[in-house]
Amino acid sequence: MDLSSRPLSPFVDLLRVPPRRVIKAPTRLAVRLETTTHRFHRDLAPSRVWGYDGHLPGPTIEVDRGIHVEMQWENRLSGTLPVVVTRSPIHAADGVPVQCLPGRSGGPVDPSAAALSGYAVVHLHGAVTQATSDGWTENLIAPGQQTLDTYENDQRAALLWYHDHVMGITRFNLFAGLAGLWIVRDDRERELELPEGPPYEVPLLLADRNFDTQSDGRLAGELLHKTDPDVMECFSPFTTVNGVIWPRVDVEPTRYRFRVLNGSNARTYRLVLARQGQPDQERIIQIGSDGGLLVAPVPIPVQGLVLASAERADILIDFSDLAVGTELTLWNNAAAPFNGASAGPSTAGTADLDGLLPYPEVLRFRVIDGRRGATTPPLVLATDFQRADRQQLKNCPVRAIALVEQESSREGEPSTLTMRELIEDQATDEPVITVVERGGGPGDRTSRWRTVATRFEDKTNFFPMLRNAEIWRLINLTGDTHPIHVHLESFQVLDRQPAVVEIPDGGITDTGTSATVRIGEDVDDGIPHALDANELGLKDTVRVNANEVVDILVRFETFAGRYMYHCHILEHEDRDMMRPFVVMPPELMPFM
Ligand SMILES: [Cu+2]
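Here the structure is a predicted model, which means the values were calculated and not measured.

**Some words on the sheet that holds strand S12 (residues 211–213)**
Phase 1 of the analysis: The strand order across the open sheet built from 3 strands is S6-S13-S12, with neighbouring strands paired in mixed fashion. On the outer flanks of this sheet lie strand S6 (83–87) and S12, each paired with one strand and no other. Between one strand axis and the next, the sheet turns through 55° on average, direction left out of account.
Phase 2 of the analysis: By the bridge criterion, 2 bridges tie S12 to strand S13 (residues 219–227) in an arrangement that is antiparallel. In the strand pairing of S13, Phe-211 is matched with Leu-223.

This is the structure we're talking about:
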């Protein structure tokens, strides 16, 4: 398989930036969901897409903290889903993994997906908003209908994003183009004199896409969502940035601020910046993550900047020492499916077919004439945030959730993934997950956890009390990384620990889960089970790698009501890695 020639030339199109809607006063804004055409690459025919206000990505909403915005989402989608949905074998007869290669590879078209007519739900990811405006996954807006959502924006400055969230088909609606950025700004950021708006602040929405092939084998413009009978995730060959495949960004020799979001369905990126074939990462510092500013700037991890679906990074890159004409390339070197395993940054730029990464290109920077020089970035960033002290959380309620993959009993059907809610039950004789924690003192602590919910429609169990901190423990029983997203408010990631997981034969049933999880025991799996410095701020999406237990500190301060938490691999979310929770004011608790 010759991968050296690309079906599309890299770095020929200039990066585009979505149109901005800058909001300075309380406003009602109408945004239409529309069927439109979009050109992903100079040499590709225009694609039919679904976009917000006819743009892909949608317009970037920029709003100051505390400014109330009402969004009138008008569904004007017409026609059926502008995506060909197929299921192809993961490997061709010669062993080549065709799932990640351009074009259809002969899989049958899914007639049910072809008939989808544009039911939509809009969710503002990362927004602290009332439950009725959070985009409940089952509250559909049909074409011709509209909804009015209110967003207070009374939260730390951060990069949020709005995107579709329809029960069961989020993966198709996002793939068709329904995503856009939303930036909240505040005084603290302005005190720091960080770049704001063009030209020195640039949003970068990364998303992998595939396209159908014509009868002569050439790429057509039509979007293609391709999965495998055994592998449910869609990993596409072409990385788009703001809707352009492998764009070039012309930068002046100064410091830029990039607001990076991984908006892919399933692919995790590990971004490595290289110059003349060598990693050149020291010029990057990270100042923020999902929930806004970090306490202090940090270098990105030596391995590269890892972003799973829905994770964001606020980074500064200093080009001030570079001669005009210098080129730097941003590569992805994360294998798919991603499990957290590391790879040296020197592998950047090489294809990895076994890792479903045929083309590692992301984008290229080219230094052009312009403003030269860069001010020193601030040493202190957020002043409103302190890391929690684990010792002081001893009396915090703990909820446990197991991430579980269950093989289908039907041939050719992908597995089902579920988030299994657990309650501690020392006495039960039902199946349990036995959790063994090293005591640090005499002996280990052993606890037994019974499964009380597996599917989205099962009984609601999580009723966190308003303003009450809780620890949610995410236990990964699968072999892959899951980016777990909690709606409503950001959380702190307390720790990420290695775990030895043993699942007996038949241990995973529709309603029960049997396993032993030994937390803190070293696993020889090539996965660095520790928190990176850039995960120590506020997050709303956290990676839970294979052989791992992640504890997060959750506290809902403002709004009560029904919300969701879920895996942000959209193919997992749709099937069926999502669960509700209800935030309750304490005064209502006696009546529940
Ligand atoms: Cu998942």
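**Digging into the sheet that holds strand S14 (residues 238–241)**
Phase 1 of the analysis: Read across the sheet, 7 strands follow the order S15-S14-S11-S17-S23-S20-S21 without closing on themselves; strand pairing throughout is mixed. Only two strands of the sheet have a single partner each, and these edge strands are strand S15 (244–245) and strand S21 (292–299).
Phase 2 of the analysis: Pairing between S14 and S15: 2 bridges, direction antiparallel. What sits directly across from Thr-240, in S15, is Ile-245.

**Some words on unusual backbone geometry**
Phase 1 of the analysis: Of the consecutive residues Leu-56 and Pro-57, the connecting peptide bond is found in the cis state with omega at -10°.
Phase 2 of the analysis: By the secondary structure assignment, Pro-57 is in the loop between strand S3 (47–52) and strand S4 (58–64).
Phase 3 of the analysis: Cis geometry marks the peptide bond from Ala-336 to Pro-337; its omega dihedral reads -10°.
Phase 4 of the analysis: Tracing the chain through its elements places Pro-337 in the loop between strand S24 (327–332) and strand S25 (361–367).
Phase 5 of the analysis: With a phi angle near 55°, Asp-53 is a residue other than glycine that sits in the positive phi range.

**Considering the coordination of the copper ion**
Phase 1 of the analysis: Taken together, the protein ligands of the copper ion are His-482 (ND1), Cys-567 (SG) and His-572 (ND1), with distances of 2.0 to 2.1 Å.
Phase 2 of the analysis: Between the donor residues of the copper ion, the gaps in sequence give the motif H-x84-C-x4-H. With His-482 in strand S31 (residues 482–486) and Cys-567 in strand S37 (residues 561–567), this residue pair connects regions lying 85 residues apart in the sequence. Here His-482 matches Cys-567 in class, with each residue buried.

**Concerning the pattern of salt bridges**
Phase 1 of the analysis: Tallying each qualifying case throughout the model produces 50 salt bridges.
Phase 2 of the analysis: Among the ionic pairs, Arg-555 bridges to Glu-557, the shortest N-O distance being 2.2 Å.
Phase 3 of the analysis: On the basis of relative accessibility, which here comes to 32%, the residue Glu-557 falls in the partly exposed class.
Phase 4 of the analysis: What emerges from the salt-bridge pattern is a single network uniting Arg-20, Lys-24, Glu-62, Asp-64, Arg-185, Glu-189, Arg-190, Glu-196, Glu-201, Arg-257, Arg-259 and Asp-314.

**Considering the nonpolar core**
Nonpolar side chains tend toward joint burial in soluble globular proteins.
Phase 1 of the analysis: Judged by nonpolar contacts, the single largest core of 49 residues is most densely connected at Met-71, Trp-73, Leu-81 and Trp-182.
Phase 2 of the analysis: If we skip the residues at most four places from it in the chain, Trp-182 touches Ile-61, Val-63, Val-69, Met-71, Leu-124, Tyr-151, Asn-153, Ala-158, Leu-159, Leu-160, Trp-161 and Tyr-162.
Phase 3 of the analysis: Listed in part, the 38 residues of the second largest apolar core include Leu-101, Ala-266, Leu-356 and Ile-569.

**Observations regarding empty space enclosed by the protein**
Over the atoms rolls a probe the size of a water molecule, and its path tells where empty space is left.
Phase 1 of the analysis: With the rule as written, the count across this model stands at 5 cavities of 30 Å³ or more.
Phase 2 of the analysis: Here the largest cavity is characterised by a volume of approximately 130 Å³.
Phase 3 of the analysis: Leu-56, Gly-177, Leu-205, Ala-207 and Arg-209 are, among the 14 residues lining the largest cavity, the residues nearest its centre.
Phase 4 of the analysis: The dominant element in the lining of the largest cavity, judged by the number of residues it contributes, is strand S11 (residues 201–209), at 3 residues.
Phase 5 of the analysis: Counted by class, the lining of the largest cavity contains 8 nonpolar, 5 polar and 1 charged residues.
Phase 6 of the analysis: Within this model, the second largest cavity holds a volume of roughly 80 Å³.
Phase 7 of the analysis: Lining the second largest cavity are Leu-204, Val-260, Leu-271, Ile-284, Ile-300, Leu-305, Ile-315, Ile-317, Leu-330 and Phe-365.
Phase 8 of the analysis: Looking at the lining of the second largest cavity residue by residue, the classes come out as 10 nonpolar, no polar and no charged.

**Digging into a negative patch on the surface**
Phase 1 of the analysis: A cluster of like negative charges, contributed by Asp-230, Glu-405, Glu-407 and Glu-411, occupies part of the molecular surface.
Phase 2 of the analysis: Relative to the assigned elements, Glu-411 resides in the loop between strand S26 (398–406) and strand S27 (416–424).
Phase 3 of the analysis: Its relative accessible area of 81% is what places Glu-411 among the exposed residues.

**Quick word on the packing of aromatic side chains**
Phase 1 of the analysis: Within this structure, the stated rule accounts for 24 aromatic pairs.
Phase 2 of the analysis: The interplanar angle of 50° and the centroid separation of 6.0 Å between the aromatic rings of Phe-211 and Phe-238 together place this pair among those described as tilted. Residue Phe-211 is located in strand S12, and its partner Phe-238 is located in strand S14; the two are separated by 27 residues in the primary sequence. You'll find Phe-211 and Phe-238 in the same group, each marked buried.
Phase 3 of the analysis: Both rings, one in Phe-462 and one in Tyr-565, keep their centres 5.7 Å apart while their planes meet at 0°; by these two values the pair is stacked. Placement of Phe-462 in the loop between strand S29 (444–453) and strand S30 (470–476) and of Tyr-565 in strand S37 is noted, with a sequence separation of 103 residues between them.
Phase 4 of the analysis: Taken together, the ring pairs in this structure connect Phe-462, Trp-472, Phe-556, Tyr-563, Tyr-565 and Phe-581 into an aromatic cluster.

Analysis parameters
Residues numbered from 1 in each chain as written. Predicted model: local features only at pLDDT ≥ 70, side-chain atom pairs only at ≥ 80, totals over all residues. Heavy atoms only, no water. Pairing = 2+ DSSP bridges. Helix = DSSP H or I, 4+ residues; strand = E, 2+ residues; numbered from the N terminus. Axes fitted to C-alpha atoms, helices over the stretch in contact; angles between N-to-C directions. Donors = N, O, S within 2.8 Å, 3.2 Å for Na, K, Ca; no water. Buried < 20%, exposed > 50% of the residue type's maximum accessible area, 1.4 Å probe, protein only. Salt bridge = Lys/Arg side-chain N within 4 Å of Asp/Glu carboxyl O. Core = buried A, V, L, I, M, F, W, Y, C linked by side-chain atoms within 4.5 Å. Contact = heavy atoms within 4.5 Å. 1 Å grid on protein atoms, 1.4 Å probe; cavity = no way out; pocket = protein on both sides within 12 Å on 5 of 7 lines; lining within 4 Å. Points joined across faces, edges and corners; volume = space filled by probe spheres on them. Nonpolar A, V, L, I, M, F, W, Y, C, P; charged D, E, K, R; others polar. Patch = residues over 30% accessible without salt bridge, like charges linked within 9 Å, V, L, I, M, F, W, Y side chains within 5 Å. Areas by Shrake-Rupley, 256 points an atom, 1.4 Å probe, with all protein chains shown as cover. Lys, Arg positive; Asp, Glu negative; His and termini not counted. Charge placed at Lys NZ, Arg CZ, Asp CG, Glu CD. Phe/Tyr/Trp six-rings, centres within 6.5 Å; stacked < 30°, edge-to-face > 60°.

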